[in-house]
Amino acid sequence: MSAVLEVEELSVDIPVSAGLLHPVQGVSFTVNRGETVCIVGESGCGKSLTALAIMDLLPSSARRLAMRLLLDGEDMLNASERRMSDIRGSKMAMIFQEPMTSLNPAYTIGNQLAEALTRHRRVSREQARERAVFLLEKVGITAAASRLRQYPHQLSGGLRQRVMIAMALMCGPDLIIADEPTTALDVTIQAQILLLLASLQKEFQMGMILITHDLGVVARVADRVAVMYAGQVIEAGDARQIFQQPMHPYTQGLLDCIPVPGKTQRGAHLGAIPGIVPTLIGDFIGCRFRERCNYAMVDCVSEEVSSRDAVQSGHTYRCLLGAQQCADNAKRKASA
Amino acid sequence: MTETVIELKDVTRTFMISAGAFRAKRPLHAVNGVSLTIKRGEVIGLVGESGCGKTTLARMMLGLLPATGGDIRIEGLPVETLDRLAIARMLQPIFQDPYSSLNPRKSVGSIIALPLKVQNDPDPASWRQRVEQIMELVGLPSRLYQNYPNQLSGGQRQRVAIARALINNPQVVICDEPTSALDVSVQSQILNLLQDLRRELGLTYVLISHNLAVVEHIATRVAVMYLGRVVEEAETETLFANPRHPYTQALLTSVLTPEPGLGVPDTHLGATFPNPVDPPSGCTFHPRCAQALAHCPRVIPTMTHVGETWVECHLYNGSLRKVS
């Protein structure tokens, strides 16, 4: 498998009035061709900023730092703004949460779809139109040719999100970044959109980063998972590893919080993670989860915690506890 | 336990929707003949896609919106004969977004005390003490009394909303998507709190949610709504173990449990949600139904009792089935 995207030690700094905010710190991961990597975490954990940093779409006050940021082997850290705008939309494309705000209400669907292609490729309007119809049909929109003349407000939320997906695919990108693509949609439509994304991604052998807070979505779509907390990836591995043997106390706690029909006893107390996320302004030493952690030790305050290997290969987590102890904790939680 | 608190009989609500300049307004039946009996101590879950009428139904129960037809009774009294204050003493809402449902310019203490003031509570000297008691009950430290909503986290804000709802000891709390705007770790805390409060205070909940896992966890009975009608109603256990209506079945399939390797389920709900101004004929679900029969587009189904479940679907109507 060849890597589409390689991210190493990606950080984002934003100066605010109280000091320097570090919303993303030392994030590393790789996306291979035909693979879906899910970034999961609660609000404010830095998952969306990670995506924007990769796309180089950060707010102008923010600063991006990284050891390495490669798309198809091409260095994006030192790419010019002109080169980046060639890459965006053509080699990597993004799907946002709210399709109503990311589509232009003043232009027809056909116009916006065609522009995505004519901006990057030397094609005639007729060819762009054909590609748009082809892709609208691909994403399951009936009467595609007549839809081209419609405006975004004439479509339902589910249809708009399908249009967004078609638009992202216009240039045949190698990487798709989907930021909460189904959060604004009904559960039934969510399932349809996810099914569509998964099948298109396999068909076109794209790499996909799916950002979500919904562990159910992660479990069903991801090949690999990165769990983020307070700007860091605190656990990463195959979907199976993360869900069947979560190592980090935060991942374990998160999985405990959600009721699962047929598994969680009805009406029983759900697990909870007490406390709140620490402020990320200024330098932070030690584990970021320590104040909410049941297993916190003295060393968690002073020692910088780096990622370590779990029992199975390819599975890493960021905690001072040994792999065996984490596995035992998980087992105890599961049986309780 | 079997005492009825709220009774809805054939309730309808129609909005007149403008179809554009120079065109006649058209009726939209947001709630179209809903009958529901809510018993004391129950948690009744209302589920369905957006636009199915869940929130309109809740607003009618709260007396915020008059019904166009049918009968709503709270504790046996018709809702239109009760004034707002009387309804507010019995029913209280908790809304989805604690960021917009709290007045940013009022302190936590005065937000929670407001219902006492509105109801002309005869004992103002005791307000502060009662507010602090209820704050303790919902897990808010009393030092937050003077704080403002923007100083609180999302979970704390939702606790303020819950405290405000409970200060006048209502019978029923209508929770409209109480945890949808919250993170999972906070959601579980709020759900635990709602459960504890119900046990301690003997509350009745109407829980509106699109998160079926949450509904399954808390509700004792579930009503599934589609285009303004309740299409299936049963005890939670029965409904989740044996969903009857094809729509309920599709809804349950769409629940994404955190189990890796299962993939994304196919709900087979082909067409998108129909336009409620121009609903399909016969059974309104037929264009999306994988099990539709020949007469589904023509004949409107009626509520039938199947096992422990009330369901509105031709598949369970023996006599009609034979005809087709």
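Residues numbered from 1 in each chain as written. Chains lettered and ligands numbered in written order. Predicted model: local features only at pLDDT ≥ 70, side-chain atom pairs only at ≥ 80, totals over all residues.

### Here's the deal with the overall build of chain B
Stage number 1. Counting secondary structure elements, chain B contains ten helices and twelve strands.
Stage number 2. Here the C-alpha coordinates of chain B stretch approximately 70 × 50 × 45 Å along the principal axes.
Stage number 3. The buried share of chain B, taken over its 324 residues, is 46%. (Helix = DSSP H or I, 4+ residues; strand = E, 2+ residues; numbered from the N terminus. Buried ≥ 20, exposed ≤ 12 C-beta atoms within 10 Å, placed from the backbone.)

### Points about the overall build of chain A
Stage number 1. Helices and strands together make up the secondary structure of chain A, namely 13 helices and 13 strands.
Stage number 2. Relative to a compact globule of 336 residues, whose C-alpha radius of gyration would be 20 Å, chain A shows 21 Å and is just as compact.
Stage number 3. Considering only C-alpha atoms, chain A reaches an extent of 65 × 50 × 40 Å along its principal axes.
Stage number 4. When the 336 residues of chain A are sorted by exposure, 46% land in the buried category.
Stage number 5. For chain A, contacts bridging at least 24 residues in sequence account for 65% of all contacts bridging at least 6. (Rg over C-alpha atoms; globule rule 2.2 N^0.38 Å. Contact = placed C-beta atoms within 7 Å.)

### A word on unusual backbone geometry
All names here are of chain A.
Stage number 1. Here Glu-180, not a glycine, exhibits a phi torsion of approximately 50 degrees, which is positive.
Stage number 2. Mapped onto the elements of the fold, Glu-180 is located in the loop between β8 (175–179) and α8 (187–203).
Stage number 3. Even without being a glycine, Gln-205 presents a positive backbone phi close to 50 degrees.
Stage number 4. Position of Gln-205 among the secondary structure elements: in the loop between α8 and β9 (207–212).

### Concerning the domain arrangement of chain A
All names here are of chain A.
Stage number 1. Domain boundaries in chain A define domain 1 (3–91 + 171–335) and domain 2 (98–170).
Stage number 2. Measuring from the centre of the C-alpha atoms in domain 1 to the corresponding centre in domain 2 gives 30 Å.
Stage number 3. With 16 residues of domain 1 at the contact, the number on the domain 2 side is 16 residues.
Stage number 4. Here the side of domain 1 that touches domain 2 gets six residues from one element, more than from any other, and that element is α8.
Stage number 5. Class assignment of the residues belonging to the side of domain 1 that touches domain 2 gives a composition of eleven nonpolar, four polar and one charged. (Domains from an automatic or database assignment. Nonpolar A, V, L, I, M, F, W, Y, C, P; charged D, E, K, R; others polar.)

### A look at the nonpolar core
Stage number 1. Val-218 and Val-225 of chain A together with Ile-112, Ala-163, Val-206, Leu-207 and Val-224 of chain B are the most contacted members of the largest nonpolar core, which totals 188 residues.
Stage number 2. Counting residues per element, this core draws most heavily on helix α7 (residues 157–169) of chain A, at eight residues.
Stage number 3. Mapping this core onto the domain boundaries places at least three of its residues in each of domain 1 (3–91 + 171–335) and domain 2 (98–170) of chain A.
Stage number 4. For Ile-112 of chain B, the residues in contact, after removing those within four places along its chain, are Val-131, Ile-134, Met-135, Val-160, Ala-163, Arg-164 and Ile-167 of chain B. (Core = buried A, V, L, I, M, F, W, Y, C linked by C-beta atoms within 7 Å.)

### Some details on the sheet that holds strand β4 (residues 69–74) of chain B
What holds strands together in a sheet is hydrogen bonding between their backbones, with the strands either parallel or antiparallel.
Residues and elements named next belong to chain B.
Stage number 1. The strand order β2-β1-β4-β5 describes an open sheet built from four strands, whose pairing is antiparallel. Only two strands of the sheet have a single partner each, and these edge strands are β2 (26–39) and β5 (77–78).
Stage number 2. As defined by bridge partners, strand β1 (residues 4–17) adjoins β4 across five bridges and the pair is classed as antiparallel. Its bridge partner being in β4, Leu-8 is matched across the sheet by Ile-72. (Pairing = 2+ DSSP bridges.)

### What to know about the packing of helix α4 (residues 109–118) of chain A against α7 of chain A
Residues and elements named next belong to chain A.
Stage number 1. Where α4 meets α7, the closest approach of the two axes is 8 Å, and the angle between their N-to-C directions is 25 degrees. Classified by the angle their axes make, α4 and α7 are roughly parallel. Like other packed secondary-structure pairs, α4 and α7 cross with a definite hand, here right-handed. Every residue of α7 that contacts α4 at Ile-109, Gln-112, Leu-113 and Ala-116 is listed here: Val-163, Ala-166 and Met-167.
Stage number 2. Among the residues making up the contact of α4 with α7, the classes are represented as six nonpolar, one polar and no charged. (Axes fitted to C-alpha atoms, helices over the stretch in contact; angles between N-to-C directions. Parallel < 35°, antiparallel > 145°, perpendicular 65-115°, else oblique. Left-handed = near helix turned anticlockwise from the far one by under 90°.)

### Some remarks on the sheet that holds strand β7 (residues 172–176) of chain B
All names here are of chain B.
Stage number 1. Pairing is mixed in the open sheet, where eight strands are placed in the order β6-β7-β8-β3-β9-β10-β12-β11. At either end of the open sheet lies a strand with only one pairing partner, and these are β6 (91–94) and β11 (304–306). Strand-to-strand twist across the sheet, computed as the mean angle between neighbouring axes with direction ignored, equals 20 degrees.

### Points about the environment of Glu-180 of chain A
Stage number 1. Exposure remark for Glu-180 of chain A: the 19 C-beta atoms within 10 Å place this residue in the partly exposed category.
Stage number 2. For Glu-180 of chain A, the residues in contact, after removing those within four places along its chain, are Gln-97, Ile-211 and Thr-212 of chain A.

### Considering helix α9 (residues 246–253) of chain B
Stage number 1. Every buried residue of α9 of chain B is listed here: Pro-246, Tyr-247, Thr-248, Ala-250 and Leu-251 of chain B.
Stage number 2. On its buried side, α9 of chain B packs onto α8 of chain A together with β3 (43–47), α7 (212–218), β9 (221–226), β10 (229–235) and α8 (236–241) of chain B.

### Focus on the pairing of strand β8 (residues 204–208) of chain B
Residue and element names in this part refer to chain B.
Stage number 1. For β8, the tally of buried residues reaches five of five residues, placing the bulk of the element in the interior.
Stage number 2. Residues Thr-204, Val-206 and Ile-208 of β8 are buried on one face, and the alternating residues Tyr-205 and Leu-207, pointing to the opposite face, are buried as well.
Stage number 3. As paired elements, β3 and β8 share four bridges and run parallel to each other. Paired with Leu-46 across the two strands is Ile-208, which belongs to β8.

### A short note on the packing of α7 of chain A against α8 of chain A
Residue and element names in this part refer to chain A.
Stage number 1. Between α7 and α8, the shortest axis-to-axis distance is 10 Å and the interhelical angle comes to 15 degrees. The angle between α7 and α8 falls in the class roughly parallel. Every pair of crossing elements has a handedness; the one defined by α7 and α8 is right-handed. On the side of α7, the interface is formed by Gly-158, Gln-161, Ile-165 and Leu-169, while α8 contributes Ile-189, Gln-192, Ile-193, Leu-196, Leu-197 and Leu-200.
Stage number 2. Within the contact of α7 with α8, the residues separate by chemical class into seven nonpolar, three polar and no charged.

### Some remarks on the interface of chain B and chain A
Interface size is commonly expressed as the accessible area that is lost once the parts come together.
Stage number 1. Listed by partner, the interface residues are 38 residues for chain B and 41 residues for chain A.
Stage number 2. For the side of chain B that touches chain A, the secondary structure elements donating two or more residues are α6 (184–201), α7 and α9 of chain B.
Stage number 3. Broken down by element, the side of chain B that touches chain A gets its largest block of residues, eight residues, from α6 of chain B.

### Describing the confidence of the model for chain B
Stage number 1. Here chain B shows a mean pLDDT of 90. Residues at 70 or above account for 96%.
Stage number 2. Note that pLDDT drops below 50 for residues 320–324 of chain B; the model gives that stretch seven contacts with residues more than four away or on any other chain. (pLDDT = per-residue confidence, 0-100.)

### Observations regarding α8 of chain A
Residues and elements named next belong to chain A.
Stage number 1. Between its terminal C-alpha atoms α8 stretches 24 Å, which fits the 24 Å expected from 17 residues at 1.5 Å a residue.
Stage number 2. For α8, the full list of buried residues reads Val-187, Thr-188, Ile-189, Gln-190, Ala-191, Gln-192, Ile-193, Leu-194, Leu-197 and Gln-201.
Stage number 3. Within two residues after α8, Gln-205 carries a phi angle of roughly 50 degrees, on the positive side. (Expected span 1.5 Å × (residues − 1).)

### As for the environment of Ser-153 of chain B
Stage number 1. In this structure, Ser-153 of chain B sits in the loop between α4 (127–137) and α5 (154–166).
Stage number 2. Along the primary structure Ser-153 of chain B and Asn-211 of chain B are separated by 58 residues, whereas in three dimensions their C-alpha atoms are 22 Å apart.

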